[in-house]
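Report on the structure
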Amino acid sequence: MAENRQPILSAKDVEIEFTLRGKVLKAIRKCSLDLYKGETLAIVGESGSGKSVFTKSFLGMLDANGSITGGTITYDGNDISKYKTEKQWMAIRGKKISMVMQDPMTSLNPLKKIGKQIEESITYNQGIKGEEARKMAIEMLSKVGIPDPERRAKQYPHEFSGGMRQRVVIAIAAACRPDILICDEPTTALDVTIQAQILDLIRGLQKDLDMTVIYITHDLGVVANVADRVAVMYAGQIVEVGTVEEIFYDAWHPYTWALLNSLPQLGVKGEELPTIEGTPPNLFNEVHGDAFAPRNKQALAIDFEEEPPFFNVSETHIAKTWYLDPRAPKIEQPKSILSLRNKMKK
Amino acid sequence: MVKYSITRLLQSAVTVLIVATIVFLLMRALPTDYFFTEEEVMKLTEQQKQDRLEAAGLNDPVAQQLLRFYKELLHGDLGKSRRIRVDKPVIEIIQERFPVSMKLGLISLGISLVLGIALGILQVLNKEGPLDHLGMIYTIFVNAVPPLVTYSLVLMFGAKVLDLPSMFSKRNELQSSIMPVVCLSLSSIAHYAMWTRRYMVDELNKDYLRLCRVKGMPTKDIMIKHVLKNAFVPLIAYIPASILFTIGGSLLVERFFGIPGMGPLLVDSIGRYDTPLVQGLVVLYASMSVIGVFLGDVMMTVMDPRIKLTGKGDTR
Amino acid sequence: MASKQDELFRFVEYSPENAERIGYSNYSYWRSVMQNFLKRKSAVFMLFVFVGLVIFSFIALAIGKYDWATLVTNTDLAFHKPDGEYWFGCDNLGRDYWCQVWYSMQTSVKLAALVGGGECVLGIVIGCLWGYVRWLDRPITELYNIINNVPMIIYLTLIALIFRGLSFPVMCITLIAFGWLVMARNVRNLVFMYRDREYNLASRCLGTPISRVLVKNIFPYLISVIVLRLALSIPGTISLETTLSYLGLGLGIDTPSLGILLRNARNYFVDYPYLLVFPAVVVALITITFYLLGNAFSDASDPRNHV
């Protein structure tokens, strides 16, 4: 991987706030992320860490009570975090950045035929109408693996199963021919058996249509399967970014350790499954220092006082933890991670 | 689907029958003097009255009368009016009067639908803006204030400022229909506007709209191509019933403007205890209501591909 | 500074309590309702207007120059314009209009309040049973359909016949007997909808008694609808009474009501607008404020608006 490419999308110190019940919730706190062309980036984190909110801001799809209150998001030379009007977003949505959402059951208009819904995607983003659009829609359907696409295009969403509906949603998103495709937990609502098919499908489309893909997931198995790079998110911040090998075998942030540790696959038979005790912080309140500190059994005093900056582990790997500060005491990565690395070396 | 329709039709017929029976029995509970016209009551002797009652079969046991009633119903015979128009078949009376009501009603329905839906759409497009608030004020006024008051205000304005005739007359039909139609439409416009607005706002919150936004559709297009279409489906369900109800005419408006329609007929026939007429009208109203609901359900199935009708009963 | 910071690079003891400390939500339903309601200044304003009107109606009668009971027809005074002596002028029979208007208003509001309350109670009870007890669904639905299909005035007149004219209590009862229909249907639809929601099923699985499930989970949704219905029912009853009186099927001519007033005036108010304006304004004020009040409260008590 060429390390000094320019990122196609660059988010720096983004802050997003929501007004809820009269109080302000700081959902995203100084979050930074770079996206490079052609890669598959996975954003991992638990529910409520802010993964969806962060990526929705790339499309201007925040809920009405939310707004970007700080930072910049640079795409194609423009700072899209400052976009306010729909006209500005029209240039981005669909054509440049598109999204596959979590729940295929409710993402489709129940009273409209599938074919029509895909055609709309084509018409609004590529300007092709009529018969040609119809043909392209059917082509798209077969590309996503729906058998008998001619007949299926005339059917309604309720005549499709969950997995097939998700394929349709992917078809709609891909038919926009976007540069960046954001997949928000595309397989969470589906059977495990279908999951692999959907992941393969997205991978195929990515190659075919030359897209950059962002996966949002809490499933490390999916990450291992598809990602080139991984970004770990906690309490509204990205805390560690690196290639998929670096994250799995050489992680340095204590939260990443805890995440990897809690994989059932790493558990030892007969021993208690490790979990992360405690709960994420309430983002209605100000967070002092490292957000993960209260739950970290080996926290440093400074974790509670000041927020750590990003430290470089390698050219492609950064982590936001005081452990990497030269003044920090000697810390060893947990046994489970070391053993994983050893296993891989063999 | 066919089986469901037939079951529904039968259920409806039973409901109508029950309603008719209840009214029949209630009518029979009235003192028998009401069988005769006011004149006759005074002039005839007791014996003559008894004879006539006997001849008309009104002294027979109730069950027998009931059966006879059903038989007549099946033959489409609604009896003859006793007091409003003596001895004139009820059916003829109805046939004379309902065209007026229906004509005014249909015109009003058409206007209400067009204006009401347009207003609703404008309100949603201009949500929380001045037009939205104006629409809300209108709706509130029409819904809260007693219709009699609103009609009176219309009358005053129309008669004084616009110089419109204050009573309906067949000779000056066009001009004298203006105020009645306006009055009829007022509350319907508000109703359709509110309905449209509420439904569209509901649809606006649905998930599939987010996908539409994501794939780059501008809001205006989303409103028209997705939201409106979806919002119309339940609205359509009420249209057959509304059309049928125009036959019945509006009690208040017709009385207020002196329109010789179905409304005053009902009020008068009750006021003067013309039992056959009352029965006939009740059967008519009940049938209309029931058929209207049924047709509405049918329309829903046609328009909404999701609905696979099962045998669940529902109320309106 | 650098040295102070360096000190902090030591391990700290882990405290499980700290790990669990999250801001808990002290959401109280009724408090949210109050907050939401008071936020809408228009609603609070309406409240004052309404209460003011009601109180004023009592005052108005007290300070009015004439008492309802002692009104006498006096054709000399017919259509007397409003002036210092007769604040609202006189009607076509020369009777003081001021006390007529305010007295009628009181009657109408009293009727509406009683009917509203009765509808409420009856409607909620039947609605809950209807929605919750499965085997009652069919019979009550049939009953509803039957009552619904017959134009109300038929029942009204028949009852009038039986009771020889519609006195105030009879009118009350009759209107309640029809009013419960809509309330019951609304309640039933809601109970139906929420009864089988997963969180209620889960509660029941965990052993929560049904009464608690009903009160804590389903009831907040009901309140919004009930209040809305009530808010609509009161102006609705006033409207209904007005219409019925106009058609001659309402309260007797002896009992004053807005409908009778308007009926008497219908022929004259085109020429003497004040005959219409005074009652119209009073009625409009009452109905509109109540309507708005009810809507505001209903919005405030809808849990989905507590964001």
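Residues numbered from 1 in each chain as written. Chains lettered and ligands numbered in written order. Predicted model: local features only at pLDDT ≥ 70, side-chain atom pairs only at ≥ 80, totals over all residues.

Regarding the overall build of chain B
Counting its secondary structure elements, chain B contains 13 helices and zero strands. In chain B, the order of α-helices and β-strands from amino to carboxyl end is α-α-α-α-α-α-α-α-α-α-α-α-α. With 316 residues in all, chain B has 35% of them scored as buried. Across chain B, every contact between residues at least 6 apart in sequence was considered, and the portion connecting residues at least 24 apart equals 73%. (Helix = DSSP H or I, 4+ residues; strand = E, 2+ residues; numbered from the N terminus. Buried ≥ 20, exposed ≤ 12 C-beta atoms within 10 Å, placed from the backbone. Contact = placed C-beta atoms within 7 Å.)

Some remarks on the interface of chain B and chain C
At the junction of the two partners, chain B supplies 37 residues and chain C supplies 35 residues. Counting only elements with at least two residues in the side of chain B that touches chain C, the list comes to α1 (2-28), α6 (130-144), α7 (147-161), α11 (251-256), α12 (262-271) and α13 (275-303) of chain B. No other element matches the nine residues that α7 of chain B contributes to the side of chain B that touches chain C. In terms of residue class, the side of chain B that touches chain C is built from 27 nonpolar, eight polar and two charged. (Nonpolar A, V, L, I, M, F, W, Y, C, P; charged D, E, K, R; others polar.)

What to know about the interface of chain B and chain A
Taken residue by residue, the interface counts 18 residues in chain B and 27 residues in chain A. Among the elements of the structure, α9 (207-214) and α10 (219-248) of chain B are those that each provide at least two residues to the side of chain B that touches chain A. Of all the elements, α9 of chain B adds the most residues to the side of chain B that touches chain A, at six residues. Residues belonging to the side of chain B that touches chain A are distributed by class as follows: seven nonpolar, four polar and seven charged.

So, the sheet that holds strand β2 (residues 23-35) of chain A
All names here are of chain A. The sheet built from four strands is open, its strands ordered β2-β1-β4-β5 with antiparallel pairing. The two strands at the open ends of the sheet, each matched to only one other strand, are β2 and β5 (78-79). Where strand β1 (residues 9-20) meets β2, nine bridges bridge the pair, whose relative direction is antiparallel. By the bridge assignment for β2, L9 is matched with L35. (Pairing = 2+ DSSP bridges.)

Observations regarding unusual backbone geometry
Generally, phi is negative for residues other than glycine and the peptide bonds are trans, each holding for most cases. The phi torsion at K30 of chain A lies on the positive side, around 45 degrees, for a residue other than glycine. A count of 16 C-beta atoms within 10 Å places K30 of chain A in the partly exposed class.

So, the sheet that holds strand β11 (residues 311-314) of chain A
Within a sheet, adjacent strands bond to each other through the backbone by hydrogen bonds, running parallel or antiparallel. All names here are of chain A. As summarised here, the arrangement of the eight strands in space is β6-β7-β8-β3-β9-β10-β12-β11, forming an open sheet in which the pairing is mixed. Edge positions in the sheet fall to β6 (97-100) and β11, since each of these pairs with one other strand and no more. Neighbouring strand axes in the sheet, compared pairwise and without regard to direction, differ in orientation by 20 degrees on average. Summarising the sheet, strand β9 (residues 229-234) and strand β10 (residues 237-243) pair through six bridges and their orientation is antiparallel. Bridging across to β10, V230 finds its partner in G242. Here helix α6 (residues 162-175) sits on the sheet and contacts β6 and β7 (180-184); the angle it forms with β6, its principal contact strand, is near 180 degrees. (Axes fitted to C-alpha atoms, helices over the stretch in contact; angles between N-to-C directions.)

Brief notes about the nonpolar core
Judged by nonpolar contacts, the single largest core of 114 residues is most densely connected at A20, V282 and A286 of chain B together with V101, A231, V283 and L293 of chain C. Top element by residues in this core is helix α12 (residues 274-301) of chain C. It accounts for 15 residues. Residues contacting A231 of chain C, with those up to four places away along its chain left out, are F290, Y291, L293, G294, N295 and S298 of chain C. A27, Y124, A153 and A231 of chain A belong to the second largest nonpolar core, which has 101 residues in total. (Core = buried A, V, L, I, M, F, W, Y, C linked by C-beta atoms within 7 Å.)

Quick notes on the packing of helix α8 (residues 173-204) of chain B against α10 of chain B
Residue and element names in this part refer to chain B. The geometry of α8 relative to α10 is characterised by a closest axis approach of 9 Å and an angle of 130 degrees between their N-to-C directions. With respect to each other, α8 and α10 are oriented oblique. The element α8 and its partner α10 pack so that their crossing is right-handed. The residues of α10 that touch α8, namely those facing W195, T196, Y199, M200, E203 and L204, are V227, N230, A231, P234 and L235. Residue composition of the contact of α8 with α10, by class: eight nonpolar, two polar and one charged. (Parallel < 35°, antiparallel > 145°, perpendicular 65-115°, else oblique. Left-handed = near helix turned anticlockwise from the far one by under 90°.)

Structural notes on the pairing of β6 of chain A
Residues and elements named next belong to chain A. Of the two faces of β6, both are covered, the one formed by I97 and M99 as well as the one formed by S98 and V100. In the sheet, β6 pairs with β7 via four bridges, with the strands oriented parallel. Its bridge partner lying in β7, M99 is registered against I182.

Description of the confidence of the model for chain C
A low pLDDT score tells you not to read the predicted coordinates there in detail. Residues and elements named next belong to chain C. Chain-level statistics for chain C give a pLDDT mean of 75 and a share of 77% at 70 or above. The element-level mean pLDDT for chain C is lowest in helix α1 (residues 2-7), coming to 64, with helix α5 (residues 97-132) highest at 83. Across the interface, the model reports ipTM at 0.75; the global pTM reads 0.72. (pLDDT = per-residue confidence, 0-100.)

Describing the pairing of strand β4 (residues 66-75) of chain A
Residues and elements named next belong to chain A. As paired strands, β1 and β4 are joined by eight bridges and run antiparallel to one another. Within β4, the residue paired with L9 across the bridge is Y75. Pairing between β4 and β5: two bridges, direction antiparallel. The partner of T74 across the bridge, within β5, is D79. Following β4, the chain reverses through two residues before pairing antiparallel with β5; D76 in that reversal takes a positive phi of roughly 55 degrees.

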